[in-house]
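# Coordinate analysis (summary)
Below are the chains, spelled out letter by letter.
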Amino acid sequence: MKVDLLLGLQWGDEGKGKIVDVLTKNYSTVARFQGGPNAGHTLIFENQKHVLHTIPSGIFHKGSKNIVGNGVVIDPVILKKELENLDQHHINYKESLFISRKAHLILPTHRLLDAASEATKGKLKIGSTLKGIGPTYMDKTGRNGMRVGDLELDNWKELFDNLTQKHLSMLAYFNVDLAYNLDELVAEYFDALAVLRGLKFIDSEDYLFKALKNNQTILAEGAQGSMLDIDFGTYPYVTSSNTTAAGACTGLGISPHDIGEVFGIIKAYTTRVGSGPFPTELFDDDGKTMGRVGCEFGATTGRPRRCGWLDLVALKYAVQINGATQLMMMKADVLSGFKTIKACTSYIYKGKMVDHLPYSINNEDVSPVYTEFKGWEADLTSMTSAAQLPENLLNYIKFIENFVGVKITIVSVGPDRLQTIMR
Ligand code: GDP
Ligand code: IMO
Ligand code: MG
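Residues numbered from 1 in each chain as written. Chains lettered and ligands numbered in written order. Predicted model: local features only at pLDDT ≥ 70, side-chain atom pairs only at ≥ 80, totals over all residues. Heavy atoms only, no water.

## Topic: helix H11 (residues 312-322)
Of all the residues in H11, the buried ones are Leu-312, Val-313, Ala-314, Leu-315, Ala-318, Val-319 and Asn-322. Those residues of H11 hidden inside the fold are in contact with strand S1 (3-8), strand S11 (259-267), strand S14 (310-311), strand S15 (326-330), strand S16 (340-349) and helix H12 (391-404). One side-chain oxygen at the N-terminal end of H11 lies 3.0 Å from the backbone nitrogen of Val-313; it belongs to Asp-311. Following H11 by one or two positions, Gly-323 adopts a phi angle in the positive range, close to 60 degrees. (Buried < 20%, exposed > 50% of the residue type's maximum accessible area, 1.4 Å probe, protein only. Helix = DSSP H or I, 4+ residues; strand = E, 2+ residues; numbered from the N terminus. Contact = heavy atoms within 4.5 Å. Polar contact = N/O pair within 3.5 Å; in protein donor to acceptor, adjacent residues only side chain to side chain.)

In structure tokens form, the structure reads like this:
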């Protein structure tokens, strides 16, 4: 059996959580491989809305195993809140949730460092979710980090104190005025550590290796999106992990030979939250309509998401880097009622037409060249089969498929689990 990957191909919030929830019935295991509580994955079913930050989106399915892989960074305080929500819904996660011993821990002082770093950047700030993601991955690659497995060591408290002290001296260097009470933060953190210790810690690479050998089916759930990838995204306005397909190998310990399908999740338009370039961003009524109809507010921070047309130059790039084998289009329903729909098919970059993503589009002169499509009026939200989809939407889909060379196999027409059309 192979591991199928599910990845966001834009700037995050494509609707990954919804599709993982829809597909989980086909898999025995769902595994997160990177990112941390900067992610907010929304699932809606049976009139209930759930937002997951750390826990894989398969958790609501009885019998599915859910793994937080080594590539993820965990804030026990946020994880504890997620578990409390599961408790309210009587989800037996003690049997179905497994945490990699090699996953790194976000300490309270990582969050403070994130805030200090952003404050010093001023206008150049990344627009981080301030969950401590960057500083935690810095400690990981700097070989200073603390891992879940360290909690099983006798000297875990000493490791925690040493790292905290180091962070406090770094905070002094930043010299920004952050209001915080360290004792309170540490007390809250230790409470949450007690909850984390109640979960099953595993050597997840070994677990997954054996699962594959036993013909189990595994879905790897990406967080963020390809354009936020540390190597291939719009650097430095990115997150601190590899959000692309390769990240699943390092974030789970699986071999490239074991990867099967690569599902690329895309919105029918584009959104971005935080700073950084966004060539197709709209500042007019069309952008406002997308934001309003699409309820485009961050699932983690509540910030309004920036909205714009689909960027096929960026999408083709993401499809290539990930080797996407299928695309799934989300939020097609949000575009109902637009007279004209546009998709960017090339850029004018420094005065010349280019059909690929240039090295940097941060401050450079880049403007989108659009192809236009006729819109559709029909409300899609109660449609249940591909045969019902309006012709103009099918034309739009066909154009995208031809442009990037990959089929769109699912069209999502609403946030609920059931509002999902298979093609
Ligand atoms: P993720 O981070 O990729 O899991 O996506 P988010 O959960 O952050 O954002 C996606 C938002 O769109 C959530 O509020 C979903 O409930 C919602 N959503 C997902 N699919 C659809 C869809 O097809 N139509 C509409 N209208 N909303 C959707
Ligand atoms: P999901 O998994 C959208 C953005 C932040 C910021 C940049 C860096 O829900 O799609 P960080 O907190 O990592 O230091 O922030 O990345 N960002 C996301 N945007 N969806 C996400 O996750 C994101 N996770 C981080 O807004 O611009
Ligand atoms: Mg999200």
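## As for the nonpolar core
If you look at the biggest cluster of nonpolar residues, it comprises 57 residues, and the most contacted ones within it are Leu-5, Leu-9, Leu-327, Met-329, Leu-335, Leu-393 and Tyr-396. Here the element with the most residues in this core is H12; it accounts for five residues. Non-local contacts of Leu-327, meaning those with residues more than four positions away in its chain, are made with Leu-9, Gly-264, Ile-266, Val-319, Val-404, Val-406, Lys-407, Ile-408, Thr-409 and Ile-410. (Core = buried A, V, L, I, M, F, W, Y, C linked by side-chain atoms within 4.5 Å.)

## With respect to the coordination of the magnesium ion (ligand 3)
Protein coordination at the magnesium ion (ligand 3): the donors are Asp-13 (OD) and Gly-40 (O), at 2.1 to 2.2 Å from the metal. You can see Asp-13 sitting in the loop between S1 and helix H1 (16-23) and its partner Gly-40 sitting in the loop between strand S2 (29-32) and strand S3 (41-45), a full 27 residues away along the chain. (Donors = N, O, S within 2.8 Å, 3.2 Å for Na, K, Ca; no water.)

## Observations concerning the site of ligand 2
Neighbouring ligand 2 are 21 residues, the closest being Asp-13, Lys-16, His-41, Thr-129 and Thr-239. Separating an oxygen atom of ligand 2 from a side-chain N or O atom of Lys-16 is a distance of 2.7 Å. Here Gln-224 contributes a backbone N or O atom positioned 2.8 Å from an oxygen atom of ligand 2. With the chains in place, 97% of the 550 Å² that ligand 2 exposes on its own is no longer accessible. Classifying every residue of the shell around ligand 2 by side-chain character gives eight nonpolar, 10 polar and three charged. (Near = heavy atom within 4 Å. Areas by Shrake-Rupley, 256 points an atom, 1.4 Å probe, with all protein chains shown as cover. Nonpolar A, V, L, I, M, F, W, Y, C, P; charged D, E, K, R; others polar.)

## So, the site of ligand 1
Near ligand 1 lie 20 residues; those nearest to it are Gly-15, Lys-16, Thr-42, Asp-333 and Ser-412. Contact distances for ligand 1 include 2.5 Å between an oxygen atom and a side-chain N or O atom of Ser-412. Burial of ligand 1 by the protein chains amounts to 93% of its free accessible area of 580 Å². If you list the elements that add at least two residues to the shell around ligand 1, you get H1 and S3. Its residues assigned to classes, the shell around ligand 1 comprises six nonpolar, seven polar and seven charged.

## Notes on the sheet that holds S2
Read across the sheet, 10 strands follow the order S9-S7-S5-S2-S10-S1-S11-S15-S19-S20 without closing on themselves; strand pairing throughout is mixed. Of all strands in the sheet, those bounded by a partner on one side alone are strand S9 (200-202) and strand S20 (420-422). Looking at each pair of strands side by side, their axes are set apart by 25 degrees on average, direction ignored. In this sheet, S15 lies alongside S11 in parallel orientation, the contact comprising five bridges. Its bridge partner lying in S15, Lys-267 is registered against Met-330. Against the sheet, helix H8 (residues 204-213) engages S1, S2, strand S5 (65-68), strand S7 (97-100), S9 and strand S10 (218-221), with an angle of about 145 degrees to S5. (Pairing = 2+ DSSP bridges. Axes fitted to C-alpha atoms, helices over the stretch in contact; angles between N-to-C directions.)

## Re the packing of aromatic side chains
Throughout the structure, instances matching the rule amount to 12 aromatic pairs. Residues Phe-160 and Phe-190 carry aromatic rings whose centres are separated by 5.0 Å and whose planes lie at 65 degrees to one another, so their mutual orientation is edge-to-face. In this pair, Phe-160 is assigned in helix H6 (residues 156-174) and Phe-190 in helix H7 (residues 182-196), connecting sequence segments 30 residues apart. Classification of Phe-160 as buried rests on a relative accessible area of 2%. (Phe/Tyr/Trp six-rings, centres within 6.5 Å; stacked < 30°, edge-to-face > 60°.)

## As for the side chain of Asn-70
Relative to the elements of secondary structure, Asn-70 occurs in the loop between S5 and strand S6 (73-74). Taking relative accessible area as the criterion, Asn-70 reaches 12% and is therefore assigned buried. Discounting chain neighbours no more than four positions away, the residues touching Asn-70 are Ser-100, Lys-102, Ala-103, His-104, Lys-140, Ser-204, Thr-250, Gly-251, Leu-252 and Gly-253.

## So, the packing of helix H4 (residues 108-121) against H6
At a closest axis distance of 9 Å, the pairing of H4 and H6 adopts a crossing angle of 15 degrees. In this view, H4 runs roughly parallel relative to H6, as classed from their interaxial angle. Once H4 is placed against H6, the crossing between them reads as left-handed. Across the interface between the two elements, Pro-108, Thr-109, His-110, Leu-112, Leu-113, Ala-116, Ser-117 and Thr-120 from H4 touch Phe-160, Leu-163, Thr-164, His-167, Leu-168, Met-170, Leu-171 and Phe-174 from H6. (Parallel < 35°, antiparallel > 145°, perpendicular 65-115°, else oblique. Left-handed = near helix turned anticlockwise from the far one by under 90°.)

## A closer look at the environment of Ala-119
Within the secondary structure layout, Ala-119 lies in helix H4. Take Ala-119: its relative accessible area is 46%, and that puts it in the partly exposed class.

So far we have only geometry, and geometry alone does not tell us how the molecule works.
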